[in-house]
Structures are given as C-alpha cells and as structure tokens.
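Topology and contacts: notes
Next come the chains, spelled out residue by residue.
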Amino acid sequence: MLRVLLLNGPNLNLLGPREPGLYGCATLEGIEADLRRLATELGVALDCFQSNHEGALVDRIHAARGQAEGLLINAGAYTHTSIALRDALLAVALPFVELHLSNVHGREAFRHHSFLADKALGVICGFGPTSYTLALRGLVDHLGGVG
C-alpha cells in the first residue's frame, strides 16, 4: 500500500473562519476527512500533519524517510520564505506536490515565488479544497497507483 504524508503549514489550522472570502469555508479537518476518504478509495495510507512551526514541519519531513513514498505539502507562507523546508524535502528525496487553496499567482507579488516549486513534481493552486484532491491523484498516479 502506498503511504503518503500530507503537510500543512502555518495558519491552515484556522481554515473556515480565516478569511473565508479568500480561502472558503471548509475547515482543515473537513479537507483532511475528504482526502482520507479519497485515499482509502485509491488504496493509499494517508498521514496528515499540521504545524505553525517551521522546525516541526522540518522534523516531520525527516521522519517521513522510510515511512512514506511521497508527500503533499501546503506550506502556507513558508512556501515563499523557507529554505529550511526546501532543504528538508531535498534531503529525504521523496517526490512531492506543492499545493495551495488560493491562486498564489493572482495575489501579492511576494507570493509569486516558491522555494519549493522547482523541485516539486507539480504545483496545484487556486482550486480551494479541490487542490488537495488533485494533488493526491497526481502524486498517486506518479507513484504508480490508481490515481
């Protein structure tokens, strides 16, 4: 069975009440529940982790070595600032998909650059919670699963 780790970065724990005009009304718990259902359908074991702390995310990426075949990551604002997350992803050498709820390219200029995108299998953004399902399907397809 394929094992996939989903990582969510800072402030994503506040989805729902946080800027619903930009991020929608879905909660992180709801998004994860929907993604777990899809993962089960695809025959994938999904582990979910969220932290507002960069070091905790780095530690969880390190722990994925030998425990997962691939990662999904919504690093939130760390996408645009964290060389540490980039280095951790490169160090574990697991394929990953970067994803975002909003279209980061239609937002402030500082959000247009990602420290992760050039090393990701792909980047999915702008589809709200569907970004998560698209990312999982793409990663599973890449890993040779059903997708």
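Please refer to the structure placed before this passage.
Residues numbered from 1 in each chain as written. Predicted model: local features only at pLDDT ≥ 70, side-chain atom pairs only at ≥ 80, totals over all residues. Heavy atoms only, no water.

1. Remarks on the environment of Ala 93
On the secondary structure map, Ala 93 appears in the loop between helix 4 (83-92) and strand 4 (96-100). Taking the C-alpha atoms as reference, Ala 93 lies 16 Å from Val 140; in sequence the two are 47 residues apart. (Helix = DSSP H or I, 4+ residues; strand = E, 2+ residues; numbered from the N terminus.)

2. Things to note about the pairing of strand 4
Summarising burial for strand 4: five of the five residues are buried, a large majority. Here strand 4 shows a buried face lined by Phe 96, Glu 98 and His 100 and a second buried face lined by Val 97 and Leu 99. Taken together, the three bridges between strand 3 (residues 70-74) and strand 4 define a ladder with parallel strand orientation. Across the sheet, the residue bridging to Leu 72 is Val 97, located in strand 4. With respect to chirality, the unit in which strand 3 leads through helix 4 into the neighbouring parallel strand 4 is right-handed. (Buried < 20%, exposed > 50% of the residue type's maximum accessible area, 1.4 Å probe, protein only. Pairing = 2+ DSSP bridges. Right-handed = clockwise from strand over helix to strand, strands pointing away.)

3. Details of the nonpolar core
By size, the foremost hydrophobic cluster in this structure holds 24 residues, and its most contacted members are Leu 35, Leu 72, Tyr 132 and Leu 136. Going through the elements one at a time, strand 1 (2-8), helix 2 (28-42), strand 2 (44-50), strand 4 and helix 5 (130-142) are the ones with two or more residues in this core. Residue contributions to this core peak at six residues, all from helix 2. Membership of the second largest hydrophobic core comes to 19 residues, among which are Leu 57, Ile 61, Ala 68 and Ile 73. (Core = buried A, V, L, I, M, F, W, Y, C linked by side-chain atoms within 4.5 Å.)

4. Here we look at the packing of helix 2 against helix 5
Direction vectors running N to C along helix 2 and helix 5 enclose 30°, while the axes themselves pass 10 Å from each other. When the axes of helix 2 and helix 5 are compared, the pair comes out roughly parallel. Classified by chirality, the crossing of helix 5 by helix 2 is right-handed. Note on element contacts: helix 5 touches helix 2 through Tyr 132, Thr 133, Leu 136, Arg 137 and Val 140, opposite Leu 28, Ile 31, Leu 35, Leu 38, Ala 39 and Leu 42. Residue composition of the contact of helix 2 with helix 5, by class: nine nonpolar, one polar and one charged. (Axes fitted to C-alpha atoms, helices over the stretch in contact; angles between N-to-C directions. Parallel < 35°, antiparallel > 145°, perpendicular 65-115°, else oblique. Left-handed = near helix turned anticlockwise from the far one by under 90°. Contact = heavy atoms within 4.5 Å. Nonpolar A, V, L, I, M, F, W, Y, C, P; charged D, E, K, R; others polar.)

Treat this as a map of the structure, not an account of what it does.
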